[in-house]
Amino acid sequence: MNRFKTSKFKNTTPKIAKKDGWINNVRAGSFSCQGNHIKASSKLVAFNTEQAGGGMLGLSSVKPGADGQWTVTQISCHSDLVTDMDFSPFDESLLATCSGDETVKLWRLCDPELQQPGSPELTLRPGHGRLELVAFHPTSSGLLAVGATKSPLLWDTSRQDAPLAVLEQHGDQLQSLSWKRDGSLLASSCKDKMLRVFDPRAQLTPVQSAKSLQNNKDSRILWAKDDFLITTGFDSMRGREVRLWDMKKLNSSLSTVSLGTSSGTLIPLFDDDTGLLLLAGMGDTVVDCFEVSSSEPLLSQVSHCLTDTSTRGVAMVPKLALDVMSCEVMRVLQLTDSCIVPISYQVPRKGSGQEFHDDLYPDTVGTTPAMSADEWWQGGNKQVERVSLNPDKQPKPKAAPAKEMPAKKELASRGSKEDPARGCSTSSSPLSTPSSSAAPSRSPSSTSGLSSGFLPSPSPSQSAKAIQNLLGPTSKFRHIQGAVMHRDTHITNLRGLNLTTPGESDGFCANSQRVAVPLAISGGQIAILERSQPGRLPDTSMPTIQNSVNVVDFSWDPFDTHQLAVAGDDAKIRVWQVPEGGLTETLTEPEIILQGHTEKIYSIKYHPLASGLLVSSSYDLTVRLWDVDSGEEVKILSGHQDQIFGMAWSPDGKLLATVCKDGKVRIYDPRKSSEPVQEGPGPEGHRGARVVWVCEGKYLLVSGFDSRSERGLYLYAADSLSTGAIDSAMVDVSPSTLIPFYDPDTSVVILTGKGDTRVHIYEVVTEAPHFMPCSSFNSPEPHKGLAFLPKTECNVRDVEIAVALMLTKTTIEPVAFRVPRVKKEFFQDDVYTDTAVCWEPALTASAWLSGMNGHHKKISLKPKDMTPVSEAPKEAPVRKYLPSSVYLEEKTDEQKKEELLSAMVAKLGNMDDPLPQESFEGVDEDEWDD
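What counts and what doesn't
- Position labels on residues start from 1 in each chain and follow its written sequence.
- In keeping with the model being predicted, local features are shown solely for residues with a pLDDT of at least 70 and side-chain atom pairs are shown and tallied solely at 80 or more, while totals for entire chains, interfaces and linings include all residues.
- As a rule here, side-chain values come from all non-hydrogen atoms in the structure, and water together with hydrogens is ignored.
- Each helix is a run of DSSP H or I of at least 4 residues and each strand a run of E of at least 2, with the numbering of both proceeding from the N terminus.
- When a residue's accessible area, from a 1.4 Å probe over protein chains only, is under 20% of the maximum for its type it is buried; when over 50% it is exposed; and in between it is partly exposed.
- Whether two residues are in contact is decided by their heavy atoms, any of which lying within 4.5 Å being enough.
- For the accessible areas, the method is Shrake-Rupley and the probe is 1.4 Å, while residue cover comes only from the protein chains on display.
- Scored from 0 to 100, pLDDT reflects the predictor's confidence in each residue.
- Whether two strands pair depends on DSSP finding at least two bridges between them.
- Interaxial angle, 0 to 180 degrees, is taken between N-to-C directions of lines fitted to C-alpha atoms, where a helix line uses only the stretch in contact.
- Put simply, a nonpolar core is a bunch of buried Ala, Val, Leu, Ile, Met, Phe, Trp, Tyr and Cys residues held in one set by side-chain atoms that sit within 4.5 Å of each other.
- Polar contact is defined as a pair of N or O atoms within 3.5 Å, subject to the rule that within protein one atom must be able to donate a hydrogen and the other to accept it, and that residues adjacent in sequence are counted only when both atoms are side-chain atoms.
- For this analysis, a ring pair means two rings from Phe, Tyr or Trp (six-membered ring only for Trp) whose centres lie within 6.5 Å, classed as stacked if their planes differ by under 30 degrees, edge-to-face if by over 60, and tilted for the remaining angles.
- Definition used: whenever NZ (Lys) or CZ (Arg) falls within 6 Å of the ring centre and also within 35 degrees of the ring normal, the charge is taken to sit over that ring.
- We count a salt bridge whenever a side-chain nitrogen from Lys or Arg sits within 4 Å of a carboxyl oxygen from Asp or Glu.
- Our working definition of a disulfide is a cysteine sulfur pair at a distance within 2.5 Å.

### Description of the overall build of the protein chain
Scanning the protein chain from terminus to terminus reveals 6 helices and 69 strands. For the protein chain, buried positions account for 50% of its 930 residues. Sequence-distant contacts in the protein chain: of pairs separated by 6 or more residues, those separated by 24 or more amount to 52%. Accessible area of the protein chain: about 45100 Å², with a carbon and sulfur share of 49%.

Here you go:
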């Protein structure tokens with residue numbers, strides 16, 4: 001019998017990832033709070049940043065993107081320092097945060113490449129002062145433990161009004177909280193040197209407590225296996241130590257390990273499946289690993305890992321995200337000042353990488369909650385079902401069952417396919433060959449014609465008509481192509497962009513002369529970039545517009561390329577005048593301040609016809625009209641019951657349409673009534689929506705979400721909103737709202753979302769099918785939005801129907817949308833109708849308010865030296881192939897004999913040519929051997 005205890009984890013080896021496996025572009029700060037500064041789910045990583053005074057969190061992913069790189073973005077979470085955060089064990093995208101602003105917020109996060117939510121799903125205000133700690137319950141959904149300055153609180157997120165329980169107040173600063181693995185008990189450590197164990201359902205006072213800590217400096221507590229507790233802290237001589245406790249005997253520890261002297265807090269991380277304990281000190285360059293056992297030795301050191309940079313925080317990656325085929329039993333993420341370093345703990349085994357070692361991986365807790373918070377509070381003790389980590393036992397993804405769809409719906413979906421290998425959408429022509437099952441079959445016996453059974457070849461026009469009858473109507477823009485223009489036209493080296501503008505904002509805006517881009521700099525600053533000066537921006541700071549408050553939306557005056565209206569979160573609209581030639585110094589004083597809203601503004605829009613007329617929507621649930629020239633509020637529109645997602649003026653400027661989170665689409669006639677003149681049901685989803693007038697103002701197009709959060713387009717008749725949408729088309733699944741741009745000349749709508757890589761294009765017509773899909777445009781990397789320029793910016797010689805500016809992380813790139821044509825030397829008058837002069841006002845604000853109406857004059861885009869394609873001379877048809885008579889003509893015997901002789905002579909070659917051997921060099925006679 002073996003006298004010595006051996007552990008299969010005793011040789012666990014830490015492996016620091018190579019530098020190309022680090023997550024860079026991180027700006028971690030050094031803050032005084034009780035959290036670990038970084039947390040990870042199986043998909044996402046959230047961490048504290050130094051931006052916005054610590055009120056912003058950084059976000060990245062556990063795994064790199066398709067290009068092998070990590071995307072890092074920021075989320076504006078709180079108005080004060082984010083003190084702690086925790087991912088739900090049952091939802092990899094649900095993050096809870098707490099802050100010095102005395103609130104707890106729940107965030108539904110997206111992939112870092114996508115636009116993050118502008119507001120939390122839930123906000124809790126306990127009213128107990130600064131909050132330091134937050135932790136999800138390990139077995140119940142929607143249950144949080146929150147640490148205030150001196151009191152732990154329990155919250156059921158489905159009951160937001162009050163906590164489930166407020167536990168006994170501690171004698172000093174609460175330093176850490178930890179749930180027991182089965183969810184029955186909650187342990188805390190405190191600056192008063194006390195350890196406490198609570199059974200919240202039995203009593204609000206601790207069931208066990210003792211003055212066990214040696215020092216009141218920062219301490220941490222963590223549940224280990226069974227009834228064991230782990231604490232880290234400082235001894236009476238300020239030396240760091242880790243102790244193991246029996247919950248029932250808190251007066252004395254079972255084991256103690258000293259870890260030298262250092263002032264940084266010691267952060268413990270424990271893996272319940274392996275019994276491995278990781279210890280990382282704040283500011284240290286060392287990560288220690290111990291194994292916790294229920295028998296002697298209780299704490300035995302496994303490894304001592306030296307890191308390249310000092311630690312700002314550490315987090316453990318969930319077990320389900322590990323590479324089990326490489327015998328990876330644990331992975332931690334080390335947060336440093338400028339990067340996140342993965343450290344993988346692997347057990348050396350033969351066959352590593354080829355087989356699964358089940359002795360290293362017992363079944364681990366799954367991601368399905370065992371019960372609700374209410375069930376737990378009523379006394380339930382169900383445990384989370386465990387799952388195997390064996391890849392062979394993982395559930396295989398089931399193929400989605402085919403759904404029977406009407407022919408028109410099937411056609412609409414056929415124009416765009418998903419390429420699973422590349423993970424991106426690829427466009428296909430609507431004239432794709434239909435499947436054999438859908439093609440009508442014909443047998444020779446059932447057709448009239450030649451006795452051989454072959455049908456006579458139809459003419460090209462008949463073939464096109466046959467295909468059109470089979471597939472339905474198609475758009476003449478179906479082969480539209482988007483292309484990024486030459487690099488010489490790009491603006492590069494953009495730095496410090498604000499990527500967290502609200503969902504109601506387009507993110508940036510442009511006119512024919514300049515671009516306005518928000519910056520993530522305090523004071524709500526906006527950079528103004530001249531389109532006439534492309535190229536690399538200087539590394540030094542640039543003059544900006546300084547609003548002094550956070551920017552929520554902004555818009556250029558359509559009739560004045562120098563005037564920019566900016567809405568701030570202080571419920572004010574500031575109107576700025578950019579000098580000729582651009583900014584040469586920072587602007588701090590606006591021309592006009594429009595003040596009247598009582599709460600933060602959602603969005604602003606200029607009137608399309610009347611100069612100096614602006615409309616705004618706000619959290620106070622009103623829509624207000626402003627005369628910008630006089631600075632006066634002229635109209636207030638009411639009737640909304642919730643957040644206003646979007647607004648749009650009708651093409652004639654008479655009506656205003658809105659789409660709201662209360663599930664309604666409304667049309668106002670502002671000059672006649674402050675209440676809506678029409679109202680109808682909007683999209684079922686409540687994530688966001690936009691609205692735009694189409695088809696000469698006879699219809700409304702709404703982009704939104706259905707009940708399953710799938711993005712879609714909805715078409716409404718403007719004269720009968722109450723009947724609901726007359727048609728809809730589902731686009732894809734993505735969290736960002738599709739922002740539409742509608743070209744009235746071609747009736748083409750171009751849509752994309754913040755953080756998308758794909759731009760969707762449809763032609764909208766008044767007859768079914770109302771949405772005719774066209775080829776889409778894919779950008780090489782996620783863009784932050786598109787801003788479209790006036791029609792005069794289009795190059796008609798290249799058949800461009802729209803030109804937009806695409807904002808990326810560091811560049812602004814022009815994108816042209818072109819229609820392929822054969823005769824490009826002619827002006828395509830079927831594509832370019834006379835366009836409205838939308839950059840000149842049709843009337844003044846006062847004239848419009850008095851009841852007058854106007855319309856834009858129209859101009860032709862045809863250059864003087866181009867002939868319309870409709871007047872191009874008709875070309876005689878050119879036969880591509882010789883007539884069959886050439887091939888079927890009978891030849892005489894003499895002709896056949898002549899052809900045969902010519903072929904033989906050509907093969908033999910010329911008889912006068914020298915033979916090959918004549919060119920060979922011989923030898924002299926005296927060189928022959930006798």
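### Here we look at the confidence of the model for the protein chain
On average, residues of the protein chain carry a pLDDT of 84, and 87% of them reach 70 or more. Confidence over residues 397–468 falls short of pLDDT 50; this stretch has 47 contacts with residues more than four positions distant or in other chains.

### Section: the sheet that holds strand S50 (residues 632–637)
An order of S46-S48-S49-S50 is seen for the 4 strands of this open sheet, with the pairing classed as antiparallel. The open sheet has two edge strands, strand S46 (601–606) and S50, and neither has a second partner. Across this sheet, the average inter-strand angle for adjacent strands is 25 degrees, counted without regard to direction. Of the strand pairs in this sheet, strand S48 (residues 613–618) and strand S49 (residues 623–627) are connected by 5 bridges, and their pairing is antiparallel. Residue pairing for S49: Leu-613 is matched across the bridge by Asp-627.

### Section: the nonpolar core
Ile-526, Ile-528, Ile-545, Phe-554, Leu-564 and Ile-812 are the most contacted members of the largest nonpolar core, which has 32 residues in total. Ignoring sequence-local partners within four residues, the contact set of Ile-545 consists of Gly-524, Gln-525, Ile-526, Ile-528, Leu-564, Trp-576, Val-578, Leu-583 and Leu-587. Ile-750, Ile-761, Phe-777 and Leu-786 belong to the second-largest nonpolar core, a separate cluster that totals 24 residues.

### Examining the side chain of Ser-303
Looking at where Ser-303 falls in the secondary structure, it is placed in strand S26 (residues 299–306). What Ser-303 contacts, discounting residues up to four positions off in sequence, is Thr-12, Pro-14, Val-287, Asp-288, Cys-289 and Tyr-345.

### Some remarks on the side chain of Arg-240
With respect to the helices and strands, Arg-240 occurs in strand S21 (residues 239–246). At a separation of 2.9 Å, a polar atom in the side chain of Arg-240 contacts the main-chain carbonyl oxygen of Gly-264.

### Describing the pairing of strand S4 (residues 56–61)
Burial within S4 is extensive, with 6 of its 6 residues counted as buried. Burial along S4 is two-sided: Met-56, Gly-58 and Ser-60 facing one way and Leu-57, Leu-59 and Ser-61 facing the other are all buried. Direction of pairing for S4 relative to strand S5 (residues 73–76): antiparallel, over a ladder of 4 bridges. Residue pairing for S5: Met-56 is matched across the bridge by Ser-76.

### Observations concerning the pairing of S46
Counting buried residues along S46, 5 of its 6 residues qualify, which places the element largely inside the surrounding structure. Where S46 lies against S48, 5 bridges are found, and the strand directions are antiparallel. What sits directly across from Tyr-606, in S48, is Leu-614.

### Section: the packing of aromatic side chains
On inspection of all chains with the given rule, the structure shows 10 aromatic pairs. Here the aromatic rings of Phe-788 and Phe-817 are separated by 6.1 Å at their centres, their planes lie at 25 degrees, and the arrangement is stacked. In this pair, Phe-788 sits in strand S64 (residues 785–788) while Phe-817 sits in strand S66 (residues 812–818), placing the two residues 29 residues apart along the sequence. Take Phe-817: its relative accessible area is 0%, and that puts it in the buried class. Each member of the aromatic cluster is reached from another via a ring pair, and the members are Phe-741, Phe-777, Phe-788 and Phe-817. Above the plane of the ring of Phe-234 lies Lys-217, whose end atom (NZ or CZ) is 4.3 Å from the centre. One cation-aromatic arrangement involves Arg-687 over Phe-705; the distance from NZ or CZ to the ring centre is 5.8 Å.

### A few points about the pattern of salt bridges
Counted by the stated rule, this structure contains 39 salt bridges. Its salt-bridge partner being Glu-800, residue Arg-818 comes within 3.2 Å of it at the nearest N-O pair. Highlighted residues: Arg-818 in strand S66 and Glu-800 in strand S65 (residues 800–807), separated in sequence by 18 residues. With a relative accessible area of 26%, Arg-818 lands in the partly exposed category. The shortest N-O distance in the salt bridge between Lys-857 and Glu-840 comes to 3.7 Å.

### Observations concerning the sheet that holds strand S44 (residues 572–577)
Strands sit in the order S42-S43-S44-S45 across an open sheet of 4 strands; the sheet is antiparallel. Two strands bound the open sheet, and with one partner strand each, they are strand S42 (551–557) and strand S45 (592–595). Each strand axis lies, on average, 20 degrees off the axis of its neighbour in the sheet, ignoring direction.

### Details of the state of the cysteines
For the structure on display, the rule yields 0 disulfides. The closest cysteine sulfur to the non-disulfide-bonded Cys-305 is located on Cys-289, 9.9 Å from its own sulfur. By relative accessible area, Cys-305 is classed as buried at 5%.

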